[in-house]
Amino acid sequence: MINTANLKRILIVVFASIALTACASSKKSGKMQGDVYTGTDTIEYLATGVADRVFFASNKSILTTAARDTLRKQAAWMRKKSKLTFAIEGHADERGTREYNLALGERRANAAKDYLMTYGIAGNRLSVISYGKERPVNSGSTPLAWSQNRRSVTVKAN
Amino acid sequence: MKKKILSYIFYLLVLGNSANALVEVDITRGNLEPLPIAISPLYIEPGSIEITQDGKIIKNIGEEISKVIETNFKRSGLFNPLNKDSFVQNPDIAHIKPRFEDWRLIKAQALVTGKVTVTKDKLRAEFRLWDVVAAKEMVALAFSTTPNNWRRVAHIISDKIYKRLTGEDGYFDTRIIYVSETGEKTQRFKKLAIMDQDGANLKYLTLGNELVLTPRFSPRNQLVTYLSYFRNLPRVYLLDIETGVQEVVGDFPGMTFAPRFSPDGEKIIMSFAQNGNSEIYTMNLKTRVVEKITDHTSIDTSPSYSPDGKYICFNSDRSGLQQIYVMRSDGSNTKRITFGKGLYGTPVWSPRGDLIAFTKVHKGRFYIGVMRPDGSGERLLTENFYQEAPSWSPNGRVLIFYRETKTNNKGKGFSTKLWSIDLTGYNERLIETETDGSDPSWSGLLSK
């Protein structure tokens, strides 16, 4: 015999999980997860399969899972190219004050640098420069444009 | 701007008697009824020569000076300069003895008259301010300078009248330094630009070869500190705008930014970013001694001294998000002062000491506001899509800031302009500039 009270509980759990799934998928609208860019439109490649940039949430400098994945690929490639040095450019979107954004860009670039160093890249091969909000890649004033602009980009320095 | 300082200033007569003066302007409230003032053209003393400037002859220097004063007063929002067409008395006679009943007829409450004498290398201007209602002279002064420096005389006269009528120092004999912007939003060219507060005498101080940001005047003299990406190394620089000499401030192994002068002009306070952490430092310009003021793992930036030099306000995200803090100037006794909804940044202490202006971000909108140094009495003056970086007029009555527009869905339509607003929240005005502009900073009074 199935207890009706138990059935009710089961149904509630089922509905709740449906609701949660709906919630999660609505947050991943188009090319953003939360407010972090997950698309590839602006990305350039250091080598085949080695993306040059990672993206951040608003006001944050924490590396996302995707960002760490990208940086591990960068590190693997950098280890093979031991004569190359790199500049890591940190950027912010246009929705913050200029000076805070300069500091934020520096913190983002250093988050990427630190991660590369933990994967064996010597610190003296990696310089850091912050551009704050001064060099957006997307000139739009939309959440998508801002997500593409919150980034750190690894560029060859020599 | 080579040493064109006024050669001398002398008082002719000071007959004003504040106890009996009827004409007064209250500048502490939003001024909904600006004072009607008649500014008669200065009459030109016979025998004066014409001034040639930028290859053009100035036909009527007396009228030009009065126009500069008129524009200053109109833009202040406190005065209503009356149309000169309605003036019934000739400038020369009015300057000797106004027929007050005639000026009352056109509803003037104050009258400015004057006389200008120009010789080959000297311009002398005198003016009188008359209380039309009480039928008496309030102040009379004369100034001399080189002929091509005539606009400054107009600004100094404006300041004297402002002071006599409001009881506070003016802000007309001042300059604005800002960042001139041109080009696409993704690759802006930025140059340091300087102009008189009314937009005249625009000059570019850098060529645009490197990114420059956040110029700030010394409150004491003609030095400016700013951030330059010269050789792609973002560092704080010091620039003497009289000589054009510039130098890096300090020897830091990383980005220095967000510079400002101490109130005595002797130190520069700024942020230094290293290993993802921005801290506040000072450097004494004479002794070159560098001091670390903050010590925290968060971002500490946008420092600004109180006018007595005893305190520093700054913004930090040590609470998780950007908020404003006040500490003693040695870095001790740090207190958070903003607890309202939203983010707070770019605090800047009023030259009067009683208020801190700031940028607030809440629900995707940007505000310029003021609060007391303990965080109480928050008052938001203006709201927009994007605006920040307020800078005070030297008398602490007006704020200048910049405002950026939204781009459309094609990424076009971006602009950034300078704006000013009174402390009262009234009199918001666009400041015309030749190019787009951002990061404005107001100088102190050039002549005190």
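Residues numbered from 1 in each chain as written. Chains lettered and ligands numbered in written order. Predicted model: local features only at pLDDT ≥ 70, side-chain atom pairs only at ≥ 80, totals over all residues. Heavy atoms only, no water.

Engineer: Looking at this model, I keep getting lost on the sheet that holds strand E13 (residues 212-217) of chain B. Mind explaining?
Structural biologist: Pairing between sheet strands relies on hydrogen bonds along the backbone, with the strands arranged either parallel or antiparallel. Pairing is antiparallel across the open sheet formed by 4 strands, whose spatial order is E13-E14-E15-E16 (chain B). What marks the edges here is a single partner per strand, and that holds for E13 and strand E16 (246-248) of chain B. If you compare each strand with its neighbour and ignore which way they point, the axes differ by 25° on average. In this structure, strand E15 (residues 235-240) of chain B lies alongside E16 of chain B, joined through 3 bridges in antiparallel fashion. Looking at the pairing, Leu 238 of chain B lines up with Glu 247 of chain B of E16 of chain B. Against the sheet, helix H3 (residues 98-118) of chain A makes contact with E13 and strand E14 (223-228) of chain B, and its axis sits at roughly 135° relative to E13 of chain B, the strand it touches most. (Pairing = 2+ DSSP bridges. Helix = DSSP H or I, 4+ residues; strand = E, 2+ residues; numbered from the N terminus. Axes fitted to C-alpha atoms, helices over the stretch in contact; angles between N-to-C directions. Contact = heavy atoms within 4.5 Å.)

Engineer: Sorry, what's going on with the interface of chain B and chain A here?
Structural biologist: How large an interface is tends to be reported as the accessible area lost when its parts come together. Residue-level contacts link 46 residues of chain B with 27 residues of chain A. Buried area between chain B and chain A, both sides added, is near 3000 Å², and the carbon and sulfur share of it is 51%. Of all residues in chain B, Lys 185, Thr 186 and Ile 299 of chain B bury the most surface against chain A, accounting for 17% of the area lost on that side. On inspection of chain B and its partner chain A, the count reaches 6 salt bridges. Linking Arg 107 of chain A and Asp 317 of chain B is a salt bridge whose minimum nitrogen-to-oxygen distance equals 2.9 Å. Our count for the chain B to chain A interface comes out at 25 residue pairs in polar contact (both at pLDDT 80 or more). At the level of secondary structure, the elements contributing two or more residues to the side of chain B that touches chain A comprise E13, strand E17 (256-261), strand E18 (267-274), strand E19 (277-284), strand E21 (300-305), strand E25 (343-349), strand E30 (398-404) and strand E33 (436-442) of chain B. Top contributing element to the side of chain B that touches chain A by residue count: E13 of chain B, with 3 residues. For the side of chain B that touches chain A, the per-class residue count stands at 16 nonpolar, 20 polar and 10 charged. (Buried area = accessible area lost by both parts, 1.4 Å probe. Salt bridge = Lys/Arg side-chain N within 4 Å of Asp/Glu carboxyl O. Polar contact = N/O pair within 3.5 Å; in protein donor to acceptor, adjacent residues only side chain to side chain. Nonpolar A, V, L, I, M, F, W, Y, C, P; charged D, E, K, R; others polar.)

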